[in-house]
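Residues per chain, in single letters:
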Amino acid sequence: MGARVLVVGSGGREHAVAWKLRQSPHVEEVFVAPGNAGTALVATNLPVQPKDIDSLCRAAKELRIDFYLASMDDPQPLGLVDRLRAQGVLCYGPTQAASRIEASKVWAKEFMARHAIPTAASLSFTDYQEARNYVESQPDGPLVVKASGLAAGKGAIVCNDMHEALNALDIIMVRRDFGAAGNEVVLEERLYGWETSAHAFCDGKTAVMMPFTSDYKRAQDGDIGLNTGGMGAYSPSVGVDARLAEQIRHDVVDRAVAGMDAEGAPYNGTLFPGLMVTDEGVRVLEFNARWGDPETQVLIPRLESDLFEVCHAAAEGRLADVEVKWSERPAVGVVMASGGYPATYKLGHVIEGVDDVDEGVLVFHAGTKQDRRGLVTNGGRVLTVVAMGDTLEEARTKAYSNVARIHFTDAHYREDIAKV
Ligand code: AMP
Ligand code: GLY
């Protein structure tokens, strides 16, 4: 009998993970909570929300789940992995203690300092007035103001001057746009450079790096407009050569995994450091205790190994026993979003053309659902179109020619993904 696997979330990332798991001969059935219209094509959707861990644990028991693969951030800080393990479910994902590396930016900054992991200088504050006084004492200092808690990847505000920084403090600590995530703020030195996302499979003691990816966070072409969850991605990242990759492995990933183990919270699961490469070297912007979205949509199609085998081995602390193989071919993913995202947008527009894509092109759903009219939009980021090619340019051209075949009212996408 094959494994019965649980995935939690409803993004393009979860569709990509479920799609890949489905191809494993070791997997009998995949369940996605709550999933979307795309995950429904490859898995069984469960009507349970990611933060409702009581219901997730109950469903795991009733459905005889034997493996949990953590892809999104929400359930782990609430202790889902700890509870599922206690129920006898094998888990690839961080415990509540280990997920602090993402769930508390203040804790993560202190952890990085303890283990000499390079990052921007910072101070943290729980008191609004003290934070304000500090900002006012730095009239020339461009700062980044970050809500300490989880904020769906949107809790960091990059400021050009003191007035912007004071405004950001108000948004986070007074207006409370990110809720309780803003109980504490991190005020960070602003870094300049270029960004890349690292992902690693971790089994508590060792890490196996995935290829590097580049993500496009801003809503509009040319990196302007509001910060989003991510409007597109490609892999491998141009600019990350073997030397830089080795430095990131040594200074960031290995130190983090060894540090978590030494502190009694071994890190099992995918660790995703967001990095900035500056003139002074690489710096960690944040650690994510999950897979990136849309990074996952361009990583998974390049993975030639069996995702279940790799994650299963990692969950059992045997990552060293498996070979993780990747395609050399670059992948480009373009997110099609609802017009207006990440601010306000309308739902329920009919989506046409997802079945008209070229052979080998993948459409991973995010905010989609089926209603009596067929497939309709149901979120900000609607889907990611992913193509691979012999070159990055070929993958990019293919991705965009397929994006052009998919239609829904007010669809918005960037035209400069992977234009390097
Ligand atoms: P984070 O959620 O911490 O990854 O931040 C989101 C985005 O804000 C990053 O991808 C960067 O583009 C930007 N950012 C975060 N920290 C800094 C920093 N110290 N200096 C410049 N930009 C930053
Ligand atoms: N795409 C960035 C993230 O998943 O945080």
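Here, the structure is the one placed above.
Residues numbered from 1 in each chain as written. Chains lettered and ligands numbered in written order. Predicted model: local features only at pLDDT ≥ 70, side-chain atom pairs only at ≥ 80, totals over all residues. Heavy atoms only, no water.

Trainee: I would appreciate a short explanation of the packing of helix H5 (residues 96–103) against helix H6 (residues 105–114) in the present structure.
Mentor: When two helices pack together, their arrangement is given by the angle between their axes and by how far apart the axes lie. Axis separation between H5 and H6 bottoms out at 6 Å; the angle between their running directions is 95°. Put simply, H5 runs roughly perpendicular to H6. Residues Arg100, Ile101, Glu102 and Ala103 of H5 touch H6, and the partners they reach there are Lys105, Trp107, Ala108 and Phe111. Grouping the constituent residues of the contact of H5 with H6 by class yields five nonpolar, no polar and three charged. (Axes fitted to C-alpha atoms, helices over the stretch in contact; angles between N-to-C directions. Helix = DSSP H or I, 4+ residues; strand = E, 2+ residues; numbered from the N terminus. Parallel < 35°, antiparallel > 145°, perpendicular 65-115°, else oblique. Contact = heavy atoms within 4.5 Å. Nonpolar A, V, L, I, M, F, W, Y, C, P; charged D, E, K, R; others polar.)

Trainee: Sorry, what's going on with the packing of helix H7 (residues 128–136) against helix H8 (residues 162–174) here?
Mentor: Relative to each other, H7 and H8 sit at 170°, their axes nearing to 10 Å. With respect to each other, H7 and H8 are oriented roughly antiparallel. Every pair of crossing elements has a handedness; the one defined by H7 and H8 is right-handed. On H8, the residues that touch Tyr128, Ala131, Arg132, Val135 and Glu136 of H7 are Met162, Ala165, Leu166, Leu169, Asp170, Met173 and Val174. Of the residues belonging to the contact of H7 with H8, the class tally is nine nonpolar, no polar and three charged. (Left-handed = near helix turned anticlockwise from the far one by under 90°.)

Trainee: Quick question: what am I supposed to make of the side chain of Arg396 here?
Mentor: The topology assignment puts Arg396 in helix H12 (residues 392–403). Engagement of the side chain of Arg396 in a polar contact is seen with the backbone oxygen of Ile417, the distance being 2.8 Å. (Polar contact = N/O pair within 3.5 Å; in protein donor to acceptor, adjacent residues only side chain to side chain.)

Trainee: Hey, could you run me through the site of ligand 2 in this one?
Mentor: Around ligand 2, the surrounding shell consists of Asp215, Gly229, Phe272, Arg290, Gly292, Asp293, Pro294 and Glu295. Here Arg290 contributes a side-chain N or O atom positioned 2.7 Å from an oxygen atom of ligand 2. Between a nitrogen atom of ligand 2 and a main-chain N or O atom of Asp293, the distance comes to 2.9 Å. In the complex, 93% of the free accessible area of ligand 2, which totals 190 Å², lies under the protein chains. Looking at side-chain class alone, the shell around ligand 2 contains two nonpolar, two polar and four charged residues. (Near = heavy atom within 4 Å. Areas by Shrake-Rupley, 256 points an atom, 1.4 Å probe, with all protein chains shown as cover.)

Trainee: For this particular structure, what's the right way to read the environment of Pro139?
Mentor: Mapped onto the elements of the fold, Pro139 is located in the loop between H7 and strand S7 (143–147). On the accessibility criterion, Pro139 (49% relative accessible area) is partly exposed. Sequence-wise, Pro139 and Lys51 are 88 residues apart; in three dimensions their C-alpha atoms are separated by 40 Å. (Buried < 20%, exposed > 50% of the residue type's maximum accessible area, 1.4 Å probe, protein only.)

Trainee: Looking at this model, I keep getting lost on the pattern of salt bridges. Mind explaining?
Mentor: The full count for this structure, using the stated rule, is 25 salt bridges. As a salt-bridge pair, Glu102 and Arg290 come within 2.9 Å of each other at their nearest N and O atoms. On the criterion of sequence distance, the pair formed by Glu102 in helix H5 and Arg290 in the loop between strand S18 (281–288) and helix H10 (295–299) is long-range, its members being 188 residues apart. The same class applies to Glu102 as to Arg290, namely buried. Residues joined by salt bridges that share partners form a network here, namely Arg4, Glu28 and Glu29. (Salt bridge = Lys/Arg side-chain N within 4 Å of Asp/Glu carboxyl O.)

Trainee: How should I be thinking about the nonpolar core in this particular structure?
Mentor: Within soluble globular proteins, side chains that are nonpolar tend to cluster in buried spots. By size, the foremost hydrophobic cluster in this structure holds 37 residues, and its most contacted members are Leu21, Leu69, Tyr92, Phe201 and Leu307. Going through the elements one at a time, strand S1 (3–9), helix H1 (12–22), strand S2 (27–34), strand S4 (67–69), H10, helix H11 (307–315), strand S20 (362–365) and strand S23 (381–388) are the ones with two or more residues in this core. A per-element tally of this core places H11 first, with six residues. Discounting residues that sit within four places of it in the chain, Leu69 has contacts with Leu6, Val7, Val17, Leu21, Tyr92, Trp291, Leu307 and Cys311. Ile101, Ala108, Tyr267 and Phe287 belong to the second largest nonpolar core, which has 30 residues in total. (Core = buried A, V, L, I, M, F, W, Y, C linked by side-chain atoms within 4.5 Å.)

Trainee: How should unusual backbone geometry be read in this particular structure?
Mentor: Among all residues except glycine, the phi angle is most often negative; among peptide bonds, the trans geometry is most common. The amide bond that connects Asp293 to the next residue, Pro294, takes the cis arrangement and shows omega of 20°. Positionally, Pro294 belongs in the loop between S18 and H10. With omega at 10°, the peptide bond leading from Tyr341 into Pro342 counts as cis. Counting through the fold element by element, Pro342 comes out in the loop between strand S19 (331–338) and S20. With phi around 50°, Arg64 is a residue other than glycine that occupies positive phi space. Within the fold, Arg64 resides in the loop between helix H3 (53–62) and S4. Its identity as a non-glycine residue notwithstanding, Arg176 has a phi of 60°, on the positive side.

Trainee: When you look at the sheet that holds S4 in this model, what are you seeing that I'm missing?
Mentor: Strand pairing in a sheet takes place through backbone hydrogen bonds and is either antiparallel or parallel in direction. Within the open sheet, the five strands sit side by side as S3-S2-S1-S4-S5. Their pairing is parallel. Pairing within the sheet leaves two strands with one partner each, and these edge strands are strand S3 (44–45) and strand S5 (90–92). Contacts between H1 and the sheet are confined to S1, S2 and S4, with S2 contributing the most and set at about 165° to the helix. (Pairing = 2+ DSSP bridges.)

Trainee: Looking at this structure, I do not really get the sheet that holds strand S6 (residues 122–125). What am I missing?
Mentor: Taking strand neighbours across the sheet as the criterion, the four strands line up as S6-S9-S7-S8 in an open arrangement whose pairing is antiparallel. In this open sheet, the two strands that pair with only one neighbour each are S6 and strand S8 (156–158). With direction set aside, neighbouring strand axes in the sheet form an average angle of 20°.

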